[in-house]
Each structure stands twice: as C-alpha cells, then as structure tokens.
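# Understanding the architecture of this molecule
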Amino acid sequence: MYEDLLNIALGVIATGVSASLGWIARTALWRRRLRRKQAFFGLPGNAECLLVVNRDAGSDGAVRRYDVFALLELAALIKDCGAHARIVPHDVAQQGFGERTEFCLGGPSSNRRMEAHLRTLLPGVHVNVDVDPSPERGAFTIGSELYPVDGGSSEYALLARLTAGEGARPVFLFCGQRAITNQAATRYLVRHHEKLARKYGTGGSFVLLLKVVNSEAYGPDVVELVADVTRTARSAPVAEAG
C-alpha cells in the first residue's frame with residue numbers, strides 16, 4: 001500500500017512539473033513572439049505611434065467606412081504590442097519621420113501626408129490623381145509598369161515598411177486605389193507580419209504590390225501578392241533622352 005501511495009505521489013509531482021515546464025515554455029515563446037512583433041512594428045511597450053488618416057473628399061471631413069475598419073484593425077495590433085496610438089488628420093501631420101512609428105492610410109488624392117511620403121520615399125511610384133474621369137484615373141505606375149483600376153473586380157494597393165530619419169522607427173504605408181483596398185492592405189499586414197518579419201527582418205524595408213480580387217463580392221479578404229517592388233519603387237525614374 002505504501003508503494004501505491006508513493007507511486008501516486010510521484011505521478012502527481014511529475015504531472016505538476018510537466019505542467020509547470022509547459023507553462024514556462026509557452027510563456028517564453030509568447031514573450032519571444034511579442035518582442036519580435038514589437039521590434040518589427042517599432043512599438044516597444046508604452047510607445048506612442050501615429051495613425052495618419054485621410055478624409056473623404058466628398059464629405060465634410062469624414063473618414064470613409066472602410067478606412068475606419070482599417071484603423072480598428074491597426075488599433076488592435078498596436079494594443080497587442082502594448083503601445084498607444086494617436087490619430088492625426090493628414091493635413092495637420094507636420095513632422096518628420098523616424099522618431100515614432102507611423103501608419104499612414106489612404107491614397108495621395110485624399111492624404112497629403114501620403115503624397116509627401118510617395119514623393120520623398122518612393123520616387124519610382126506615380127499615382128494618377130486626375131479629377132476628371134478617365135481609364136487611367138487612380139492607376140499606379142511603378143517603374144514602367146501600369147496598374148489600372150477595375151473597380152470592384154481587380155484593384156491594387158501598396159503596402160510598404162520604410163525606415164528613415166534619426167530614430168529609425170518605421171513608416172507603414174497603406175496606399176490603395178480605393179478605400180476598401182486600403183483596408184485590404186492593413187489586413188494583409190496583420191495576417192502576415194510574422195512571415196514578413198522572417199523574410200525582411202525586424203528592421204528591413206519593403207514595398208509590396210498587392211492585388212485585391214473581386215472586392216465587390218469578397219470585400220477586403222482576397223488579396224494576392226503581385227510582386228516585391230522595393231527596388232523599383234525606391235529608385236527615381238530615369239529621364240528619357242530628349
């Protein structure tokens with residue numbers, strides 16, 4: 001009987017030790033993933049970041065519905081990192097980059113901050129912002145390649161992580177051809193940030209061209225990676241000989 005009690009006690013102790021070791025391992029893994037996530041987004045605990053939002057040109061300063069959804073997804077990600085977000089309208093965000101992590105949302109036609117980032121950081125990207133309707137309105141030109149808008153069927157968005165400035169905190173750009181493609185780009189980042197961190201490192205820059213497929217039916221959920229256009233987007237276009 002003594003041996004039976006001893007075996008039971010040893011079994012309980014072994015179970016407790018195994019459970020404790022498992023908890024310690026899971027906690028260590030969770031902390032490691034959190035630190036990697038914080039490093040990738042430039043968001044250590046209690047850090048402050050900026051959410052630079054555009055405004056619907058057709059309304060009285062309102063933010064479009066899909067852009068609001070995108071902000072909510074980014075806010076949840078920022079909260080997971082233990083950081084804090086400050087929302088700044090695009091037309092009052094007058095400061096440099098690198099000191100704080102920045103998430104900039106919207107195309108250059110509705111977001112002056114995005115227009116400045118494209119001009120300064122991505123000189124190889126041109127977005128057609130013509131007001132008059134035309135087949136090329138809203139189209140991306142990256143290098144020599146043209147990516148037109150086929151509303152609701154085939155649309156594009158740029159997702160970029162760029163580092164510049166003294167503090168080297170990243171700037172994330174979500175530049176879509178329509179508001180729903182802005183959200184598609186943010187959702188792609190939220191879903192694939194671990195894969196992107198493994199590929200580019202926690203301090204690397206990248207510019208990805210995404211294709212949003214049949215948003216009329218699938219919303220922002222079906223997104224294809226078209227290409228890594230980092231080199232082309234960050235290179236100034238070569239002037240044609242005249």
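The structure we're discussing is the one just above.
Presented here is a report on the structure given in the accompanying data block.

About the cut-offs
Residues numbered from 1 in each chain as written. Predicted model: local features only at pLDDT ≥ 70, side-chain atom pairs only at ≥ 80, totals over all residues. Heavy atoms only, no water. Buried < 20%, exposed > 50% of the residue type's maximum accessible area, 1.4 Å probe, protein only. Helix = DSSP H or I, 4+ residues; strand = E, 2+ residues; numbered from the N terminus. Pairing = 2+ DSSP bridges. Polar contact = N/O pair within 3.5 Å; in protein donor to acceptor, adjacent residues only side chain to side chain. Contact = heavy atoms within 4.5 Å. 1 Å grid on protein atoms, 1.4 Å probe; cavity = no way out; pocket = protein on both sides within 12 Å on 5 of 7 lines; lining within 4 Å. Points joined across faces, edges and corners; volume = space filled by probe spheres on them. Nonpolar A, V, L, I, M, F, W, Y, C, P; charged D, E, K, R; others polar. Phe/Tyr/Trp six-rings, centres within 6.5 Å; stacked < 30°, edge-to-face > 60°. Lys NZ or Arg CZ within 6 Å of the ring centre and 35° of its normal.

### Focus on the pairing of strand β7 (residues 154-163)
Burial analysis of β7 places nine of its 10 residues in the buried class, the great majority of the element. By the bridge criterion, seven bridges tie β7 to strand β8 (residues 170-176) in an arrangement that is antiparallel. Residue pairing for β8: A160 is matched across the bridge by L173.

### Looking at unusual backbone geometry
With a phi close to 70°, N46 is a non-glycine residue in the positive phi region. Residue placement: N46 occurs in the loop between α1 (2-41) and β1 (48-53). You can call N46 exposed: its relative accessible area is 64%. Positive phi is not limited to glycine here, since N214 has a value of about 45°. Along the chain, N214 falls in the loop between β9 (206-213) and α5 (215-218).

### Overview of the side chain of E73
Structurally, the position occupied by E73 is in helix α2 (residues 65-80). There is a polar contact of 3.3 Å between the side chain of E73 and the side chain of Q183. Among residues more than four places away in sequence, those in contact with E73 are Q183, R187 and V190.

### Considerations on the layout of surface pockets
Space inside the largest pocket adds up to approximately 500 Å³. Every residue lining the largest pocket is counted, 24 residues in all, and those nearest its centre are R64, S109, R137, G138 and Q177. Each residue belonging to the lining of the largest pocket can be placed in one class, and the counts come to nine nonpolar, 10 polar and five charged.

### A closer look at the environment of R100
Along the chain, R100 falls in the loop between β2 (84-89) and β3 (102-105). Each C-alpha atom of the pair R100 and G42 lies 7.9 Å from the other, and the pair is 58 residues apart in sequence. Excluding residues within four positions of it along the chain, R100 makes contact with E48, L50, R86, Q95, R169 and P170. Within the local environment of R100, its side chain forms a polar contact with the side chain of E48, the two groups lying 2.9 Å apart.

### What to know about the packing of aromatic side chains
Counted according to the given criterion, the structure contains 10 aromatic pairs. Geometrically, the ring pair formed by F40 and F206 is stacked, given 6.3 Å between the ring centres and 15° between the ring planes. Of this pair, F40 sits in helix α1 while F206 sits in strand β9, and the two are 166 residues apart along the sequence. The pair formed by F40 and F206 is uniform in burial state, with each residue classed as buried. Judged by centre distance (5.2 Å) and plane angle (10°), the ring pair of F103 and F172 falls under stacked. Remark: F172 occurs in strand β8 and F103 occurs in strand β3; sequence separation between them is 69 residues. As far as the burial class goes, F103 and F172 line up, both buried. The rings of F40, F41, F103, F172, F174, Y200 and F206 are connected pair by pair, giving a single aromatic cluster. One Lys or Arg, R65, reaches over the ring of Y66 and ends 4.7 Å from the middle of that ring. Between R161 and the ring centre of F40, over which it is positioned, the NZ or CZ distance is 5.1 Å.

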